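Each chain is listed here by its residues.
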Amino acid sequence: MINIAHFDDVELYLTDTARLLRPSGFEVVRTAKSLREAKIVIPTLLSLGVVLALIDGDIGGKDIVELMTLECPSIITVGFATDPVPGAMHYIERTTLPDEFVSLVKLYTARTT
């Protein structure tokens, strides 16, 4: 399994994303629903082998990306929102269809496997 973190304030996105990615070999091992929670979660990501983080811009995405860049720069940051998340390495629009979403996550993590 390839470990992923997901930062989003919408529970439905957290659960649906995990369910959608699992059959393709991805496991969402950490989530956070706020910037405050993200500050607690981020320091644990490297020890869990997280290689990619999906980040919603509505919960302080820019700040989360900055923290990730400082504390775990090897983790791929992907803005998963209506608009691009400043500083994120990649962007997946919230309305992306499920098959395309999974394909993009596979593409972004291809060099880590």
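In this convention, every chain numbers its residues from 1, walking through the sequence in written order. Per-residue local features are limited, in this predicted model, to residues with pLDDT of at least 70; the limit for side-chain atom pairs, both in listing and counting, is 80 or more; totals at the level of whole chains, interfaces and linings are taken over all residues. Hydrogens and water are ignored here; the side-chain numbers use all heavy atoms of the structure.

**Student:** Can you walk me through a negative patch on the surface in this structure?
**Tutor:** For patch detection, residues must exceed 30% relative accessible area and be free of salt bridges, and they are connected within 9 Å for like charges or within 5 Å for nonpolar side chains (Val, Leu, Ile, Met, Phe, Trp, Tyr). Accessible areas in this description were obtained via Shrake-Rupley with a 1.4 Å probe; residue shielding takes into account the shown protein chains only. We count a salt bridge whenever a side-chain nitrogen from Lys or Arg sits within 4 Å of a carboxyl oxygen from Asp or Glu. This count recognises Lys and Arg as positive and Asp and Glu as negative, with His and chain-terminal groups excluded. One atom stands in for each charge, and that atom is NZ of Lys, CZ of Arg, CG of Asp or CD of Glu. A grouping of Asp9, Asp58, Asp83 and Glu93 is seen on the molecular surface, where their side chains present a negatively charged patch. To qualify as a helix, a DSSP run of H or I must reach at least 4 residues; to qualify as a strand, a run of E must reach at least 2; elements of each kind are numbered from the N terminus. Within the secondary structure, Asp58 sits in the loop between β3 (50-55) and α3 (61-71).

**Student:** What is the right way to read helix α4 (residues 98-109) from this model?
**Tutor:** Because the α-helix completes a turn every 3.6 residues, residues three or four places apart line up on one side. Residue count minus one, scaled by 1.5 Å, sets the expected span of a helix. For α4, which comprises 12 residues, the first-to-last C-alpha distance of 17 Å matches the rise-based estimate of 16 Å (1.5 Å per residue) to within 8%. Among all positions of α4, only Phe101, Val102, Leu104, Val105, Tyr108 and Thr109 are buried. Down the axis, α4 shows its buried residues gathered within 160° of arc, on one side only. The exposed residues of α4 that point more than 90 degrees off its buried face are Asp99 and Leu107. Any residue under 20% of the maximum accessible area for its type is buried, any over 50% is exposed, and the rest in between are partly exposed; the area is computed with a 1.4 Å probe on protein chains only. Comment: arc refers to directions from the helix axis out to C-beta atoms.

**Student:** In this structure, what is going on with the nonpolar core? I would like to understand it.
**Tutor:** Across soluble globular proteins, nonpolar side chains show a tendency to be buried alongside one another. To define a nonpolar core, start from buried Ala, Val, Leu, Ile, Met, Phe, Trp, Tyr and Cys residues and group those joined through side-chain atoms within 4.5 Å. Core analysis: the biggest nonpolar cluster contains 20 residues, and Phe7, Ile42, Leu45, Ala53, Ile64, Met68 and Ile75 have the highest contact counts within it. Of all the secondary-structure elements, those providing two or more residues to this core are β1 (2-7), α2 (35-41), β3 and α3. Here, residues are in contact when the closest pair of their heavy atoms is within 4.5 Å. Each residue touching Ala53, except ones within four places of it in the same chain, is listed here: Ala5, Phe7, Met68, Ile75, Ile76, Thr77 and Val78. Of all hydrophobic cores here, the second largest spans 18 residues; its members include Ile2, Ile4, Val28 and Tyr108.

**Student:** What's the story with the sheet that holds strand β2 (residues 26-32) in this structure? I'm lost.
**Tutor:** Sheet strands line up and pair through hydrogen bonds in the backbone, either parallel or antiparallel. Pairs of strands are assigned from DSSP output, requiring at least two bridges between the strands. Strands sit in the order β2-β1-β3-β4-β5 across an open sheet of 5 strands; the sheet is parallel. Edge positions in the open sheet fall to β2 and β5 (90-93), since each of these has one partner strand only. Each strand axis lies, on average, 25° off the axis of its neighbour in the sheet, ignoring direction. Judged from the 4 bridges that link them, β3 and strand β4 (residues 76-81) form a sheet pairing that is parallel. The residue bridging Ile55 from the neighbouring strand is Gly79, located in β4. Axis definition: a line fit to C-alpha positions, over the contact stretch in the case of helices; interaxial angles, taken between N-to-C directions, run 0 to 180 degrees.

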